[in-house]
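Residue strings, one per chain:
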Amino acid sequence: MTDLLRPRAIGAPLERLDGPDKINGTARYAFEHPVPDPLYVHPVQATIARGRIEDIDVHAAEDLDGVATVLTHENAPRLATDSDAELWVLQSPEIAFRGQLIGAVLAETPEIARQAADLVRVDYRREPHHVVLRGDDDALYAPEVVNPSFAADTRDGDPDGAEPAVVVDVTYTTPMEHNNPMEPHATIATWRGGVLTMYDSTQGVHQMRSRLAPVLGLDPERIRVLAPHVGGGFGSKGTAHAHNALAALAARVAGGRPVKLALTRQQMFALVGYRTPTIQHVRLGADRDGKLELVTHDVVEQTSTVQEFAEQTAVGTRTVYAAPNRRTTHRLAALDVPVPFWMRAPGEAPGMFATESAVDELAEACGIDPIDLRCRNEPAVDPATGLPHSARHLAECLREGAERFGWAGRDPAPRSARDGDWLVGTGVASATYPGYKMPGSTATVRYRDGRYEVRIGAADIGTGTRTALTQIAADALDRPVSDVDLELGDTALPTATVEGGSSGLTSWGTTVVEAARRFREKFGHDPADGDEADGAIPDDPDEQRYAIHSFGAHFAEVRVNADTGEVRVPRLLGVFSVGQVVNPRLVRSQLLGGITMGMSMALFEHSVLDPQFGHVINHDLAQYHVAAHADVADIEVSWLDEHDPHSNPMGSRGVGEIGIVGSPAAIANAVHHATGIRVRDLPITPDKLLGG
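Report on the accompanying structure. Treat the numbers as computed from the prediction; the structure is a model and nothing was measured.

1. Describing the overall build of the protein chain
A count of helical and extended segments in the protein chain gives 16 helices and 28 strands. Taking 26 Å as the expected radius of gyration for a compact globule of 692 residues, we find that the protein chain reaches 26 Å, a close match to that expectation. Dimensions of the protein chain along its principal axes, counting C-alpha atoms only, are 75 × 75 × 50 Å. Residues classed as buried in the protein chain amount to 61% of the 692 residues present. The contacts of the protein chain with a sequence gap of at least 6 include a subset with a gap of at least 24, amounting to 82%. Carbon and sulfur atoms make up 49% of the accessible area of the protein chain, which totals about 25700 Å². Between the centroid of the 63 positive side chains of the protein chain and the centroid of its 96 negative side chains there is a distance of 2 Å.

2. Quick notes on the state of the cysteines
For the structure shown, the criterion picks out 0 disulfides. Cysteine Cys-366 shares no disulfide, and the gap to the nearest cysteine sulfur, in Cys-375, comes to 15 Å. Taking the relative accessible area as the measure of exposure, Cys-366 reaches 15% and is therefore buried. Cysteine Cys-397 is unpaired, with the sulfur of Cys-375 as its nearest cysteine sulfur at 10 Å.

3. Looking at the packing of helix 4 (residues 205-216) against helix 5 (residues 242-252)
Interhelical geometry of helix 4 versus helix 5 gives an angle of 55° and a closest axis separation of 11 Å. Of the possible angle classes, the one that applies to helix 4 and helix 5 is oblique. Between helix 4 and helix 5 lies a crossing whose hand is right-handed. Counted together, Met-208, Leu-212 and Leu-216 of helix 4 and Asn-244, Ala-245, Ala-248 and Arg-252 of helix 5 form the full contact between these two elements. Broken down by class, the residue content of the contact of helix 4 with helix 5 amounts to 5 nonpolar, 1 polar and 1 charged.

4. Overview of the sheet that holds strand 15 (residues 278-286)
Pairing within the open sheet is mixed, and its 5 strands lie in the order 9-17-16-15-10. Edge strands, defined here as strands with exactly one partner in the open sheet, are strand 9 (154-156) and strand 10 (166-174). Averaged over all neighbouring strand pairs, the angle between strand axes comes to 15°, with direction disregarded. With 9 bridges joining them, strand 10 and strand 15 adopt antiparallel strand pairing. When the sheet's bridge partners are listed, Thr-174 is paired in strand 15 with Thr-278. Of the strands in this sheet, strand 10, strand 15 and strand 16 (292-304) are in contact with helix 8 (residues 348-366), which crosses strand 10 at around 150°.

5. Looking at the packing of helix 14 (residues 584-603) against helix 15 (residues 663-675)
For the pair helix 14 and helix 15, the least separation of the axes is 7 Å and the interaxial angle reads 50°. On the basis of the axis angle, helix 14 is oblique to helix 15. Helix 15 is crossed by helix 14, and the crossing has right-handed handedness. Only Ser-663, Pro-664 and Ile-667 of helix 15 make contact with helix 14, whose side of the interface consists of Ile-595, Gly-598, Met-599, Met-601, Ala-602 and Leu-603. Partitioning the contact of helix 14 with helix 15 into residue classes produces 7 nonpolar, 2 polar and no charged.

Calculation rules
Residues numbered from 1 in each chain as written. Predicted model: local features only at pLDDT ≥ 70, side-chain atom pairs only at ≥ 80, totals over all residues. Heavy atoms only, no water. Helix = DSSP H or I, 4+ residues; strand = E, 2+ residues; numbered from the N terminus. Rg over C-alpha atoms; globule rule 2.2 N^0.38 Å. Buried < 20%, exposed > 50% of the residue type's maximum accessible area, 1.4 Å probe, protein only. Contact = heavy atoms within 4.5 Å. Areas by Shrake-Rupley, 256 points an atom, 1.4 Å probe, with all protein chains shown as cover. Lys, Arg positive; Asp, Glu negative; His and termini not counted. Charge placed at Lys NZ, Arg CZ, Asp CG, Glu CD. Disulfide = S-S within 2.5 Å. Axes fitted to C-alpha atoms, helices over the stretch in contact; angles between N-to-C directions. Parallel < 35°, antiparallel > 145°, perpendicular 65-115°, else oblique. Left-handed = near helix turned anticlockwise from the far one by under 90°. Nonpolar A, V, L, I, M, F, W, Y, C, P; charged D, E, K, R; others polar. Pairing = 2+ DSSP bridges.

In structure tokens:
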């Protein structure tokens, strides 16, 4: 019988169900799964940016004791199709970027494999390469769509002919940045009986399988991918990459032995994606009261000659601000560089840095408080689609954040506050992120031995998905959390979409709720042992009736040393509108992580590309600087108490990305307030401040 007094699991700050396993070391990550008698794979990478292999000498490597074989384009098994060029590894002598996979050593230990890889000698025919992004590149082109399926360009009114009273016309740049999850990309691959089994560090086991299958010429059912625990991804593990295809090839020639491949940190900088650098031209125009009349956002970014990835950098601008005259454009340069890919809030993170910095500049030009200017320009409907918002509470986030932050006592004049050697400033920025719900997930609910087994091939990349989905399932089944066993991370389980775009919990939670509904309809509250029901994510007409987005307001206080230009961030605050919070403990963790990553983007992260040789030279965590504990003083996050009835059955919206969106702009705006210097190219390093 239903217990009407049972508290709801959704909304409870439940501790992570897998926490004890992670603490005691029994939670196995990709490289840690026990397999018998493995061989270890170490890749050989190209050392030129463009050209062709003329000769590759593997004799010294093959002669090393402990080496089983060396694969190159001359002896590797043939792949089935080159339609996926990123995965077309060891099939051709052509070199498209420095760091491209051109060989692999299989050996008895990882140390021997690495030593042997260094013994491979390659002669190249070098060709001129182009690796530097320029806004005036003659080869710039407009992609058909930008990630995932937005129009590349939009236009309303007459943005070129509009003549507002106050105009801000500026260009912002962001650098190439790299994902650096704590767990590197790793794979164990085994061929047995015509079936490929892979333990992989991935954000989507089914997506990994579906992308690899055609390249390998296999029916997807002949590939099994398992990822019960993943140590972070930030987008980079959202699909198969070249090393996954390499592991499959290595396993095919390993004589039935498993192969283990773990990319080094340096290899990850060339093989698993990155955030494209951007050049962003923003024009904002308003009347004397700060009402927007003109918004244009024109973006130049890069992709690879191997495969196109077009980041949606200007898309956030389409949603946040309305004006009668608007334009957004995206232009790509196809360079001799690795393939870019998802990095936390692709598009919105760099794009909102530019937009929200420009809004701050407009507020100063108009003589209006930046929060007031933003609130004056809150649109009645979604500017991008004309649809009503399922819930738009950005103004509430700004006002509540201002009260919590103590914004009212702020002197708006730049360089107006000083504490000894430190210039003190505060800044604000808005944030938005779409509410994605991906079609294609299914789930199964089974009753066995007095417990409810919920099975779905989702991924938990460290965000707490296993715990949150268990809470959703418990409420959907009207049972306590302790009665539910959740299985995920395996292609043997029902299909689930990728953990990406803050869509995971919405997509999978909706699916689990549907499976639970069908189970109860079929078996009631007194099921028999073995009763089972399936459910697929249902069609939702509200997706066509409403614009569904998360929103937020970021506040930052910075201190800039007047003599050295050092920037410190003693205080950050974020207030968010994300619908119903499924688990406050997990949501707080996600928002804190996003804000910290945004601070890292603002102050530190910059992949430095050597134009002469075409590779990132600071390709490890000793030189690629990210925010550490010492950089984070006081971060506070909160969210509005709300339930979005149009987003999903839980009333929730995504939180994984919204934390980083807006954080860099708030810090940049605070630095300007502290110093009077407007830094328009990230990261904000001392050299950019000392000149002012």
